[in-house]
Amino acid sequence: MFWYKSWLDTRWRFLAAFVVLTCSAVLTVLAYPKVVMLLPLVPLEASIQGGEIGRRIREIAELERTYRGYIWVQAFRQNLTQMGVLFAVLLGTGGLLPSGSKDTALFTMSLPASRPELLGARVATGLGQLAVLAFAPALVFPLLSPAVGETFTLGSALVHGACLFVTWTVFFSLALLLSTVVSGVWVPALIALCAALVLAAVDQLAGGLSRFSIFAIMSGETYFRTGALPWAGLLASGAAAAGMLSAGSWNFARQDF
Amino acid sequence: MADPFVIETVDLRKRYDGVEALQGLNLQVPAGSIFGFLGRNGAGKTTTMKILLGMTRPTSGRARVFGLTPGSSGEGVDIRRRAAFVSEDKSLYDSMDVAAMVRFTASLFPRWRADLERQYLRAFELPPNASIKTLSRGMRTKLALLLALCRGADLLILDEPTSGLDPAVTEQVLQALVAHVADAPATVFFSSHQIADVDQIADHVAIIDRGRTAVSGALDDLRRDYRRIQLVFDDTAPEAVFTAPGVTHVRRSGRVLTLLSTAGAGQVVEQARALAPASIDVCPVSLKEIFLETVNAEE
Amino acid sequence: MLLLRPNPSSGVPIYLQLVEQVKHAIDTGAIRPGEQLPGIRPLAEELVINPNTVARAYRELEHDGVIELRHGAGAFVSAHAGAKRLTDRLRAGQATVAAAVERLRARGITDAEIRRLFEAELAGLTRAGGHRG
């Protein structure tokens, strides 16, 4: 019954995320024909735009010459990654307290369930939701690409979906852990998002080291460029998420209500 | 279960952020009693209840419910299987309706009484499809009480069950509690500011003041032992010391000397006669007065 | 038989109020020897008082020989409880009290003061010289 309760507490967040992410994937596919028309207009000569920004514009234009590259740049590297982190945090924040207030948790805490049981249901529901949120948009690509005359392999979709899922759990776990330390729904979310922004900023500035950033794993960059799965990165992410969930569970077991 | 006390605390202490919520609370709640727990706001009543149910860990001291330790994870779950709690704000799941709330709770208790559920849904006039968000305070209280009564609980822990309720709903609540205790060997432990309610249904009380037990015992014993004695003199009341045990609150005002005795009037009256007062009046003391005298006492 | 709601704040223990009410009901003939009293649970529910209190009142009444508690059947008024001479004595006593209260009121003494005078008298104070006049 606690799974059902967790679902009730998070269903609107989940449904909003599902709609947004899936629609984003759909729109990305459907916009491809227009992009194809506009791409030749982007000049590729080095002299046109200098510096980092110019380099990036040229890089994107280069990648988007292929359909697969286009999908990777638009969806996996950008939209799904950015929005996914936001939604993962929103799903994890608040922990067991939908309204963030400890008083409303008193009924739950007076029930004959242990704290690990209660938190476990919440985590299980959240992870299930994240999996759906990761694979549903990813599966849009193999299913919908024929509509614009392109193909996208199921294998690629599954790999990218897995990369999204595993890395999103890191932010979900972070938000959950913060919720056991800081009360409220919005404050843990804000802190987690700030952490994400800091990571992203470091990612941008580090340049060469960005291969190891969580966002590179999230977008499945290694797989996109070389076909090799980022096992190390996925394992590290999984371990980090597990570690944070354990810490959160430990905190929760000791909290006073 | 040979343990005569359903709830027992010994020197229970709790500190929150530098605030000493409980400073050595000693409590013994006999099985089968209706136990009233009185105290000013912030005296530590809610903290005590949360500790008993394993929601909060004490700083030191001992608390036992059904002989089990609430702080231990496994025993805490056992306690919450047999005890029901209704918080002061009667918090429930706003996102559910009445029927869903009942189903959810019923699914957690194998001894759920479907017959009581039907009976109380009817008696309390709770509409099954009403969203909990829309319920009035009285309705929420009755629903919370239903959820507590139908699960076959041996112990009900209620935080201000009748606060904010009109007299008719209050009577319904008190009647349901009385019926529950009469039916099964159940204990009710409730805090209240409505002293009249405590007077009406409790057989034991404890008054908590500044985190400690100030008064505790059977209500009938308190009614028998507390007496206010007033001596009127022809001239200014003398400065007298009363050595009888249980004499507190000696007040002098002009020709009148008033004192409170917690051990009956006999010895005090005997000593008082030696002062040759013009009149001696002995009056019983209401629970409200006992409460006020206790919590207003200077240390 | 109708029992009145006891007054919880009167200072008199509720169980004693019940005991007095039952004895009074027997003495005035409102309930007769051999008749059954309400069960503990229904009575507690009806008066909204603690069932332990009702149980205590019934035990007290049984101890005084006023009622019999028959195992499994309930509480019944004892056969000899309602002696007629007791009823008569009480009626006479009632008349005496009524007359005294009349006279005291006529002297301008308030009801509260009258109550205190009776309490003090019953506590044995006036005879021992604690009250002048």
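Keep in mind that what you see is a predicted model, and the values were worked out from it rather than measured. (Residues numbered from 1 in each chain as written. Chains lettered and ligands numbered in written order. Predicted model: local features only at pLDDT ≥ 70, side-chain atom pairs only at ≥ 80, totals over all residues. Heavy atoms only, no water.)

(A) Representation of the interface of chain C and chain B. Residue-level contacts link 26 residues of chain C with 30 residues of chain B. Interface of chain C and chain B: buried area, both sides summed, is about 2300 Å²; carbon and sulfur atoms make up 52% of it. At the surface where chain C touches chain B, the tally comes to three salt bridges. The salt bridge involving Glu171 of chain B is made with Arg5 of chain C; its shortest N-O contact spans 2.7 Å. Counting the contacts that link chain C with chain B gives nine residue pairs in polar contact (both at pLDDT 80 or more). Breaking the side of chain C that touches chain B down by element, the ones donating at least two residues are α1 (14-27), α2 (40-47), α3 (51-63) and α5 (111-122) of chain C. When residues in the side of chain C that touches chain B are grouped by element, the largest group, four residues, is from α2 of chain C. (Contact = heavy atoms within 4.5 Å. Buried area = accessible area lost by both parts, 1.4 Å probe. Salt bridge = Lys/Arg side-chain N within 4 Å of Asp/Glu carboxyl O. Polar contact = N/O pair within 3.5 Å; in protein donor to acceptor, adjacent residues only side chain to side chain. Helix = DSSP H or I, 4+ residues; strand = E, 2+ residues; numbered from the N terminus.)

(B) Quick look at the packing of α2 of chain C against α3 of chain C. Residues and elements named next belong to chain C. Running from N to C, α2 and α3 cross one another at 125°; their axes reach a closest spacing of 9 Å. The angle between α2 and α3 falls in the class oblique. In this structure, the crossing between α2 and α3 has a hand that is right-handed. Each of Ile40, Leu43 and Ala44 in α2 lies in contact with α3, whose residues at this interface are Pro51, Val54, Ala55 and Tyr58. Split into classes, the residues belonging to the contact of α2 with α3 amount to seven nonpolar, no polar and no charged. (Axes fitted to C-alpha atoms, helices over the stretch in contact; angles between N-to-C directions. Parallel < 35°, antiparallel > 145°, perpendicular 65-115°, else oblique. Left-handed = near helix turned anticlockwise from the far one by under 90°. Nonpolar A, V, L, I, M, F, W, Y, C, P; charged D, E, K, R; others polar.)

(C) Molecular detail of helix α1 (residues 2-30) of chain A. Between the first and last C-alpha of α1 of chain A there are 40 Å, a value that for 29 residues agrees with the 42 Å anticipated at 1.5 Å per step. Along α1 of chain A, the largest kink reaches about 60° and is centred on Thr10 of chain A. (Expected span 1.5 Å × (residues − 1). Bend = angle between axes of the 7 residues up to and from the residue.)

(D) Expanded view of a nonpolar patch on the surface. Residue and element names in this part refer to chain A. Judged by side-chain polarity, Met37, Leu38 and Leu41 come together as a nonpolar surface patch covering roughly 370 Å² of accessible area. Considering the arrangement of structural elements, one finds Leu38 in helix α2 (residues 32-38). A residue is classified by how much of its surface remains accessible, and Leu38, at 51% relative accessible area, is exposed. (Patch = residues over 30% accessible without salt bridge, like charges linked within 9 Å, V, L, I, M, F, W, Y side chains within 5 Å. Areas by Shrake-Rupley, 256 points an atom, 1.4 Å probe, with all protein chains shown as cover. Buried < 20%, exposed > 50% of the residue type's maximum accessible area, 1.4 Å probe, protein only.)

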